[in-house]
Amino acid sequence: MARRPDRIRIEVFDPASDAETAEQAFRPSDDAIRSLARLIGRQMAREQFERARAMERKQTRQKRSAHMR
């Protein structure tokens, strides 16, 4: 697995020249936004996974306690 940088670097540029297209001008900020969205999405997935695991553990405990009665 490739090593990911520890920090996201955001650079501020002077206004784009006429020769530069809008797509090229916004590319650095688009990359930063995508990186941030990816991080947020992964965190949401981790939280959802943990909630599902907690629910499974709760159901397992309830089944065990029902059999012991």
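For the structure itself, consult the block above.
What you see is a predicted model; the values in this text were computed from it and never measured. (Residues numbered from 1 in each chain as written. Predicted model: local features only at pLDDT ≥ 70, side-chain atom pairs only at ≥ 80, totals over all residues. Heavy atoms only, no water.)

A. Layout of the environment of Gln-43. Mapped onto the secondary structure, Gln-43 falls in helix H1 (residues 22-68). Note on Gln-43: relative accessible area 35%, which makes it partly exposed. Within the local environment of Gln-43, its side chain forms a polar contact with the side chain of Arg-46, the two groups lying 2.9 Å apart. (Helix = DSSP H or I, 4+ residues; strand = E, 2+ residues; numbered from the N terminus. Buried < 20%, exposed > 50% of the residue type's maximum accessible area, 1.4 Å probe, protein only. Polar contact = N/O pair within 3.5 Å; in protein donor to acceptor, adjacent residues only side chain to side chain.)

B. Up close: a nonpolar patch on the surface. A cluster of nonpolar residues, Ile-8, Ile-10, Leu-36, Leu-39, Ile-40 and Met-44, forms a patch on the protein surface that exposes about 600 Å² of accessible area. Within the secondary structure layout, Leu-39 lies in helix H1. For Leu-39, a relative accessible area of 42% corresponds to the partly exposed category. (Patch = residues over 30% accessible without salt bridge, like charges linked within 9 Å, V, L, I, M, F, W, Y side chains within 5 Å. Areas by Shrake-Rupley, 256 points an atom, 1.4 Å probe, with all protein chains shown as cover. Salt bridge = Lys/Arg side-chain N within 4 Å of Asp/Glu carboxyl O.)

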